[in-house]
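Close look at the chain arrangement
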Amino acid sequence: MTLRIAFTPGATPDKWARAWRDRRSESLELLPIEESEQRSVLDQGRADMVLARLPVEGDDLFCIPLYEELPVVVVGLEHPLSVYDEISVADLADEQFVLGVPAEVSASSPQLDFPPMSARDAIEVAASGTGVVVVPLSVARLHHRKDVVHKVVTDLPTTRIGLVWLKDADDDRTQAFVGVVRGRTARSSRE
């Protein structure tokens, strides 16, 4: 039976998938999803586990936090912020936010009414000089273009990636993948 692992944009399941293939005979399927689907893929049975951007709500879930991601602002090469080494929330006050104003930023000007769009499309808008995009570093790297730069926003909170699965679906396969993610060796008694 195939273990299906969904992953949100920017998450990197490769090292765990390689370790799984090296240790287990069961197949593993990697399923790229949008962040908005993190919970629904579990509820609909399309995935057994998700490498998700936290938090994912629900008392019926197991969650192992894995790592944190730095927040960055993505701007076009001609944008004044492109020359800064680091950016603070105060530096962003006058900007137009393509994906919405982060909760920690007090925007000083009325915002343009951007339609809903993917991070990739938002970064394309930032490249045009129309606005800025605040995303986790992994997402900025995933959608990197030659006409944009990303800069760490030093005083925004980090985001976290975690492994999430339904408590009702906890079984030997999911626990075996947990062992891989936690770095247990093939000889470990809990593998």
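Preceding this paragraph is the structure being described.
Below, the structure is looked at part by part. (Residues numbered from 1 in each chain as written. Predicted model: local features only at pLDDT ≥ 70, side-chain atom pairs only at ≥ 80, totals over all residues. Heavy atoms only, no water.)

Another point: the packing of aromatic side chains. Evaluated as defined, the whole model comprises 2 aromatic pairs. Look at Phe 62 and Trp 165: their rings are 5.4 Å apart centre to centre, the planes differ by 45°, and that puts the pair in the tilted class. Here Phe 62 is found in strand 4 (residues 61-69), whereas its partner Trp 165 is found in strand 8 (residues 159-166), with 103 residues between them in sequence. On the accessibility criterion, Phe 62 (30% relative accessible area) is partly exposed. The class for Trp 165 is buried, based on a relative accessible area of 3%. Over the face of the ring belonging to Phe 62 we find Lys 167, whose NZ or CZ atom lies 5.6 Å from the ring centre. (Phe/Tyr/Trp six-rings, centres within 6.5 Å; stacked < 30°, edge-to-face > 60°. Helix = DSSP H or I, 4+ residues; strand = E, 2+ residues; numbered from the N terminus. Buried < 20%, exposed > 50% of the residue type's maximum accessible area, 1.4 Å probe, protein only. Lys NZ or Arg CZ within 6 Å of the ring centre and 35° of its normal.)

A word on the pattern of salt bridges. Inspection of every chain in the model, using the stated rule, returns 10 salt bridges. In this structure, Arg 4 and Asp 48 form a salt bridge, with 3.0 Å as the shortest nitrogen-oxygen distance. Of this pair, Arg 4 sits in strand 1 (residues 3-7) while Asp 48 sits in the loop between helix 2 (40-43) and strand 3 (49-54), and the two are 44 residues apart along the sequence. Exposure remark for Arg 4: the relative accessible area of 23% places this residue in the partly exposed category. Glu 69 is the partner of Arg 53 in a salt bridge, and the nearest nitrogen-oxygen pair spans 2.9 Å. Placement of the pair is Arg 53 in strand 3 and Glu 69 in strand 4, with a sequence separation of 16 residues. Glu 69 shares its class with Arg 53; the two are buried. (Salt bridge = Lys/Arg side-chain N within 4 Å of Asp/Glu carboxyl O.)

Quick look at helix 1 (residues 14-23) now. Trp 16, Ala 17, Ala 19 and Trp 20 are the residues of helix 1 that are buried. The arc that holds the buried residues of helix 1, viewed along the axis, is 160°, so those residues lie on one side. Away from its buried face, by an angle of more than 90 degrees, helix 1 presents the exposed residues Lys 15, Arg 21 and Asp 22. Residues of helix 1 that are buried make contact with strand 1, strand 2 (28-32), strand 3, strand 4 and helix 5 (172-181). (Arc of directions from axis to C-beta. Contact = heavy atoms within 4.5 Å.)

Right, let's get into the packing of helix 1 against helix 5. For the pair helix 1 and helix 5, interaxial distance at closest approach is 9 Å and the crossing angle is 120°. When the axes of helix 1 and helix 5 are compared, the pair comes out oblique. Note that helix 1 runs across helix 5; the crossing there is right-handed. For the pair helix 1 and helix 5, the contacting residues are Trp 16, Ala 19, Trp 20 and Arg 23 in the first and Arg 173, Ala 176, Phe 177, Gly 179, Val 180 and Val 181 in the second. (Axes fitted to C-alpha atoms, helices over the stretch in contact; angles between N-to-C directions. Parallel < 35°, antiparallel > 145°, perpendicular 65-115°, else oblique. Left-handed = near helix turned anticlockwise from the far one by under 90°.)

We now examine the pairing of strand 5 (residues 71-76). The two faces of the sheet receive side chains in turn, since in a regular strand these alternate between them. In terms of burial, strand 5 is a largely internal element, 6 of the 6 residues being buried. Neither face of strand 5 is left uncovered, since the one carrying Pro 71, Val 73 and Val 75 and the one carrying Val 72, Val 74 and Gly 76 both have all their residues buried. Where strand 5 meets strand 6 (residues 133-136), 4 bridges bridge the pair, whose relative direction is antiparallel. Bridging from a neighbouring strand, Val 74 pairs with Val 133 of strand 6. The pairing of strand 5 with strand 7 (residues 148-152) spans 5 bridges and is antiparallel. (Pairing = 2+ DSSP bridges.)

This next bit is on the sheet that holds strand 8. An order of 2-1-3-8-4 is seen for the 5 strands of this open sheet, with the pairing classed as mixed. Only two strands of the sheet have a single partner each, and these edge strands are strand 2 and strand 4. Across the sheet, the axes of successive neighbouring strands diverge by a mean angle of 25°, strand direction being ignored. The sheet contact formed by strand 1 and strand 2 spans 5 bridges and is parallel.

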